[in-house]
Every structure is written in C-alpha cells, then in structure tokens.
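Structure at a glance
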Amino acid sequence: MMIILDKSVHTAARPDSRTAATAARRARLARMSFYVPAVLYLVIFFGYPIVANLVMSFQDYTVTSFYNGGAPFTGLANYSAILTDELFSTTLWNTAVFTIASLILQFAIGLGLALFFRRRFPLGATLRALLLLPWLLPLLVSGTVFRWLLDQDYGVVNQVLLNLHLINDPVPWLVSPDHAMTAIVVANVWIGIPFNMVILYGGLQSIPPQLYEAASLDGAGAWQKFRHVTWPLLRPTSSVVVMLGLIYTIKAFDVVMVLTQGGPANSTQLLSTWSYALSFTNLQFGQGAAVSNVLIVIAMLFALVYLRAVRAEQSER
C-alpha cells in the first residue's frame, strides 16, 4: 500500500516539475526578448556598416559600382596606396597633434572648472548649466560660430586683439598653415570642456567630505589634499573621461570640415577628413574605406594600451 502511495506522489509531482520548467523557460525567453531590439539595432546600424566598409576596402569601388554592382577585388592594393601616399604621414601627425592637444586642454580645464564648481556659491548651478551649451549645440553650429569669430577681416578675435594693441595686423587663423591647427584645437577644446567638467564634477561629488576634514586636521594644504585625496579617488572617473575623449577626438570631423576642410595646404588634414576627401571628392571609395579602417585600428590600439596601463596601475595598489 505504501508503495502505491509513493508512486502516486511521484506521478503527481511530475506535472508540477514540468510546469515549473516550462514557466522558467518562458521567463528566460521573455527576458531574452528584451535584448532583441538592442541586438538588432547594433547589427543593423553598427555591425553591417563596419563589415561593409571592411569589404569595400578590399575592392576597387567606384561610382559605376553603385549602378552595376561590379567592384573587383583588389586585395591590399587600397591599403598599399594610402600607406605609400606622402599625405598619410601628414594626416597621421596632424591627427596625433590634434588629439593629444585637445585631450590635455579639455581635461585640464574641465578638471579646473569641476573643482571650482564644487564650492557652493550663488547662481553656481545656473552658471554650470550655461557652461553646458557648447556641448549641447550641434557641431555644425559651433564650427560656424568659430568660423565667424576667427575670420581674418571681420572676426571678433582679431578685432579685440587689435583694439588691445596685442597685434598689429589681423591674424589669418583659418587660412595660414601656421595658425590653422591652433584654431581647430581651440574650437574642439571649447566644445569638449563641458563633457569633461560634468563627468569629473560627478566624480568629485562621490568623494566623502570626511576625508578632506581629516586631511585638514593633519595640516594638509590645498595642493596636498588634491594630490593625496582628490586625485587618487578621481582616477577611475578620469580614466573614463580620457577614454571617451580619445574616442570622440580621434574621429573628429564636423568642426574641422566647417572651419578649414583640412586645409590650408593639408595643415589640418586629419585621417577622418582625408577619408572623406578620398571617398566623396576623389570618388576613390575603396581607399577612403581603407583610411577609415586604419583610423578604427589606431583608436582601438590607443584604447587597449590605455586600459592595460590603468589596469596595471590598479593591480599594483
């Protein structure tokens, strides 16, 4: 009799276990379904363009290819053409100078403003919100504003410098190879400062004020507090800011095209603008795709080196 009861218990328990397994499977499928839109978005708008660009870089893709679909496979011919072009070293150097100068100035000024706004004062929040305008404006608008400010004949910058007797003749900011790089760096720094300020300000807010009080009791000054309290605790946030700034700056395009279009005499020609010129001015789409792939590889290498350095530094602690 007991054996019969045990069997009935087991047979009654089986449907419950199957029901639970089915419910768990349905819940798992329901959770996975939430990832489907994000995955489709990444595949369509990121995955496909990257793969198509990579394939195009190995083809002789011309205007006629859009009509007849014929794009002969050329192997590494496009990469060989751009790497042996004398303009490659120029654009590589310009990209390095533009990226490094922009990162250093954006981070330094953004950190200074974040430290400044950490102190509460009347209208501090309003002023901080106003400083976000350069980041919120479209890049084409910002570039157009700086093109007006830096105009040689009618620009505000030259008029102010002339009235202050700091210069005797108007400076050709945008049409001189000696000044054009400075002009685009200044414009890009102005655009990127708010982003650095906001992220670093958030990192500063997460530092407990008790640490500064303890440092004051130990007799630490402002510089010692920054060196031994603020900077060590701000390093994780700084790493994120520098990494995002690197990715954003190394692919900068809009501001440079509005201000100088890579000129004069290729003095501000970056890898991004050169890729555009090859594709849509010279109609050499394969070489333009090759340059953009080189830019992607360089950005990834910089990112990997920086992340490894940050990880090694954290492991040493």
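Look a little higher up for the structure.
Here goes a summary of the coordinates provided. (Residues numbered from 1 in each chain as written. Predicted model: local features only at pLDDT ≥ 70, side-chain atom pairs only at ≥ 80, totals over all residues. Heavy atoms only, no water.)

**Some points on the nonpolar core**
- Core analysis: the biggest nonpolar cluster contains 20 residues, and Phe98, Leu150, Trp173, Leu174, Ile184 and Leu259 have the highest contact counts within it.
- With eight residues, the top contributor of residues to this core is helix α10 (residues 180-205).
- Among all residues touching Phe98, those that are not within four sequence positions of it are Met181, Ile184, Val185, Asn188, Thr249, Ala252, Val256 and Leu270.
- In terms of nonpolar packing, the next biggest core, distinct from the first, is built from 15 residues, Leu111, Ala215, Phe226 and Val241 among them. (Core = buried A, V, L, I, M, F, W, Y, C linked by side-chain atoms within 4.5 Å. Buried < 20%, exposed > 50% of the residue type's maximum accessible area, 1.4 Å probe, protein only. Helix = DSSP H or I, 4+ residues; strand = E, 2+ residues; numbered from the N terminus. Contact = heavy atoms within 4.5 Å.)

**Here we look at the packing of helix α8 (residues 139-149) against α10**
- It is at 10 Å that the axes of α8 and α10 come closest, and there the two elements cross at 135°. Regarding the angle of α8 to α10, the classification is oblique. Of the two possible hands of crossing, α8 and α10 adopt the one that is right-handed. Residues Leu139, Ser142 and Phe146 of α8 form the contact with α10, whose own contacting residues are Val186, Ala187, Trp190 and Ile191.
- Of the residues assigned to the contact of α8 with α10, the class counts are six nonpolar, one polar and no charged. (Axes fitted to C-alpha atoms, helices over the stretch in contact; angles between N-to-C directions. Parallel < 35°, antiparallel > 145°, perpendicular 65-115°, else oblique. Left-handed = near helix turned anticlockwise from the far one by under 90°. Nonpolar A, V, L, I, M, F, W, Y, C, P; charged D, E, K, R; others polar.)

**Details of the packing of aromatic side chains**
- In the structure shown here, the tally under the stated rule is 14 aromatic pairs.
- With a centroid separation of 5.2 Å and 75° between ring planes, the pair formed by Phe116 and Phe117 is classed as edge-to-face.
- The class for Phe116 is partly exposed, based on a relative accessible area of 44%.
- Relative accessible area serves as the criterion here: at 3%, Phe117 is assigned to the buried category.
- By way of ring pairs, the aromatic residues Tyr61, Phe253, Tyr276, Phe280 and Phe285 are connected into one cluster. (Phe/Tyr/Trp six-rings, centres within 6.5 Å; stacked < 30°, edge-to-face > 60°.)

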